[in-house]
Amino acid sequence: FNLTPSSPPPPSPPPSPPPSPPSTPPPSSPSPVVLKTVSAVSSLMVASFEEPVVATIDADLRTSISDATGGGTVTATILLRVVNMYALPEDLSCTDIITAYATATGVAADSVSASCDPALRRSLLAQEVEITTTFSAAEVAAANAFIQIDPISAMSVELGVEPTEIAQTAATVAAIDAEWSVEITDADTADLDTRSIGARVSGAVDEVAIGAGAVAETSEPVDVTPVPPPSSIASVAQSAEVDLDLVDGGLEGVLGVTFGVPPASPPPPRTSA
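The shown structure was predicted, so the numbers you read here are calculated from the model rather than taken from an experiment.

(A) Summary view of the overall build of the protein. For the protein, the count of helices and strands is 7 helices and 10 strands. Looking at the protein as a whole, 32% of its 273 residues qualify as buried. Long-range contacts, defined as pairs at least 24 residues apart, comprise 75% of the intrachain contacts of the protein with a sequence gap of at least 6.

(B) Fine view of the side chain of Ser 156. Take Ser 156: it is sitting in helix H4 (residues 152-159). Setting aside its immediate chain neighbours within four residues, Ser 156 contacts Val 161, Glu 162, Pro 163 and Ile 166.

(C) Structural view of the packing of aromatic side chains. Per the stated rule, a full pass over the model turns up 3 aromatic pairs. Ring plane angle 70° and centroid distance 6.2 Å describe the contact between Tyr 101 and Phe 146, whose orientation is recorded as edge-to-face. Placement of the pair is Tyr 101 in helix H2 (residues 94-105) and Phe 146 in helix H3 (residues 140-146), with a sequence separation of 45 residues. Accessibility expressed as a relative area gives 1% for Tyr 101, which makes it buried. On the basis of relative accessibility, which here comes to 4%, the residue Phe 146 falls in the buried class.

(D) Molecular detail of H4. Ile 152, Met 155, Ser 156 and Leu 159 are the residues of H4 that are buried. Within H4, the buried residues cover an arc of 100° as seen down the axis, which keeps them to one side. Here the buried face of H4 lies against strand S2 (73-89), H2 and strand S5 (167-184). Two residues or fewer after H4 comes Gly 160, characterised by a positive phi angle close to 70°.

(E) A look at the state of the cysteines. In this structure the tally under the stated criterion is 1 disulfide. Here Cys 94 engages in a disulfide with Cys 116; their sulfurs sit 2.0 Å apart. An S-S torsion of about 85° defines the bridge between Cys 94 and Cys 116 as right-handed. Of this pair, Cys 94 sits in helix H2 while Cys 116 sits in the loop between strand S3 (112-115) and strand S4 (126-136), placing them 22 residues apart in sequence. The partly exposed category is assigned to Cys 94, whose relative accessible area is 24%. Residue Cys 116 is classed as partly exposed on the basis of its relative accessible area, which comes to 23%.

(F) Representation of the packing of helix H1 (residues 51-68) against helix H6 (residues 194-211) within the structure. Interaxial distance between H1 and H6 falls to 9 Å at its minimum, and their mutual angle equals 150°. Compared by their axis directions, H1 and H6 come out roughly antiparallel. Between H1 and H6 the crossing geometry is right-handed. Here Asp 60, Leu 61, Ser 64, Ile 65 and Ala 68 of H1 come into contact with H6, specifically with Arg 200, Val 201, Ala 204, Val 205 and Val 208. Counted by class, the contact of H1 with H6 contains 7 nonpolar, 1 polar and 2 charged residues.

(G) Here's a closer look at the environment of Glu 179. Note on placement: Glu 179 falls in strand S5. By relative accessible area, Glu 179 is classed as partly exposed at 33%. Here the alpha-carbon distance between Glu 179 and Ser 219, two residues 40 residues apart in the chain, equals 9.9 Å. Those residues in contact with Glu 179 that sit more than four places away from it in its chain are Ala 40, Val 41, Thr 75, Ala 76, Thr 77, Leu 79 and Arg 81. One polar contact links Glu 179 to Arg 81, side chain to side chain, over a distance of 3.4 Å.

(H) Examining the packing of H2 against H4 more closely. Put simply, H2 and H4 touch, their axes get as near as 8 Å, and they point 130° apart. With respect to H4, the axis of H2 lies oblique. Remark: the crossing between H2 and H4 carries right-handed chirality. Taking contact as the criterion, the partners of Asp 96, Ile 97, Ala 100, Tyr 101, Thr 103 and Ala 104 in H2 are, on H4, Ala 154, Met 155, Glu 158 and Leu 159. Among the residues making up the contact of H2 with H4, the classes are represented as 7 nonpolar, 1 polar and 2 charged.

(I) Up close: the environment of Ala 174. The residue Ala 174 is located in strand S5 in this model. With 93 residues separating them along the chain, Ala 174 and Arg 81 place their C-alpha atoms 5.9 Å apart. Excluding anything up to four places from it in sequence, Ala 174 contacts Leu 44, Met 45, Val 46, Phe 49, Arg 81 and Ile 147.

Thresholds applied
Residues numbered from 1 in each chain as written. Predicted model: local features only at pLDDT ≥ 70, side-chain atom pairs only at ≥ 80, totals over all residues. Heavy atoms only, no water. Helix = DSSP H or I, 4+ residues; strand = E, 2+ residues; numbered from the N terminus. Buried < 20%, exposed > 50% of the residue type's maximum accessible area, 1.4 Å probe, protein only. Contact = heavy atoms within 4.5 Å. Phe/Tyr/Trp six-rings, centres within 6.5 Å; stacked < 30°, edge-to-face > 60°. Arc of directions from axis to C-beta. Disulfide = S-S within 2.5 Å. Axes fitted to C-alpha atoms, helices over the stretch in contact; angles between N-to-C directions. Parallel < 35°, antiparallel > 145°, perpendicular 65-115°, else oblique. Left-handed = near helix turned anticlockwise from the far one by under 90°. Nonpolar A, V, L, I, M, F, W, Y, C, P; charged D, E, K, R; others polar. Polar contact = N/O pair within 3.5 Å; in protein donor to acceptor, adjacent residues only side chain to side chain.

Right, dumping it as structure tokens:
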């Protein structure tokens, strides 16, 4: 008999490596603490409103205000304002003037405001009124077209006066207003008073204005830092981090604070009948 030797069994596969432990994401860095919050309004007077100019000024203002406050977080609302000055008969009310102006120019009445200060009267028979029309940053085209409107004839019809009784007394002013606030986390900047912070921001805004061919004004900043609510004993007692025990007639906790609670008075002795 011809016996062929049997082949050896195939080698066992190597054991699979153990699964890798799940990767743990690195701990996130804590958010910086807001030490002070200030707000103000910066106005840039421009010749006209143009889409790229408004968007560029918006971005540049946010960056400049942040840099001037040590990297603060800036929140801003951009508004486009058109300001005109008119001399009108002194017996017209501010409400009537606003309504007539809005109707004559085709804008909503709530976008128009007027300053009818008696101190601005040019004579006993006329008052000088400053009328401001406000547009959002998305209404650049409408705001730009509004600058060219001459509403005097239409206003005279609405007010029931002669066109010659209304006169524009100053050139139209177009302004890009940034109503901004900044949360300051830089300790050196937060230690400054609001006037010093305002001087830094005003200088930064002026540089933006020069680059845009505009003239800038920034109001005095106001400190709007939120004030934390006062703590109370009740909130401390209810905290899960404080364990209060009655010790020697006083409340004493793990913080080592004793709240002076006097011990209860003993009951009066009984008297026999």
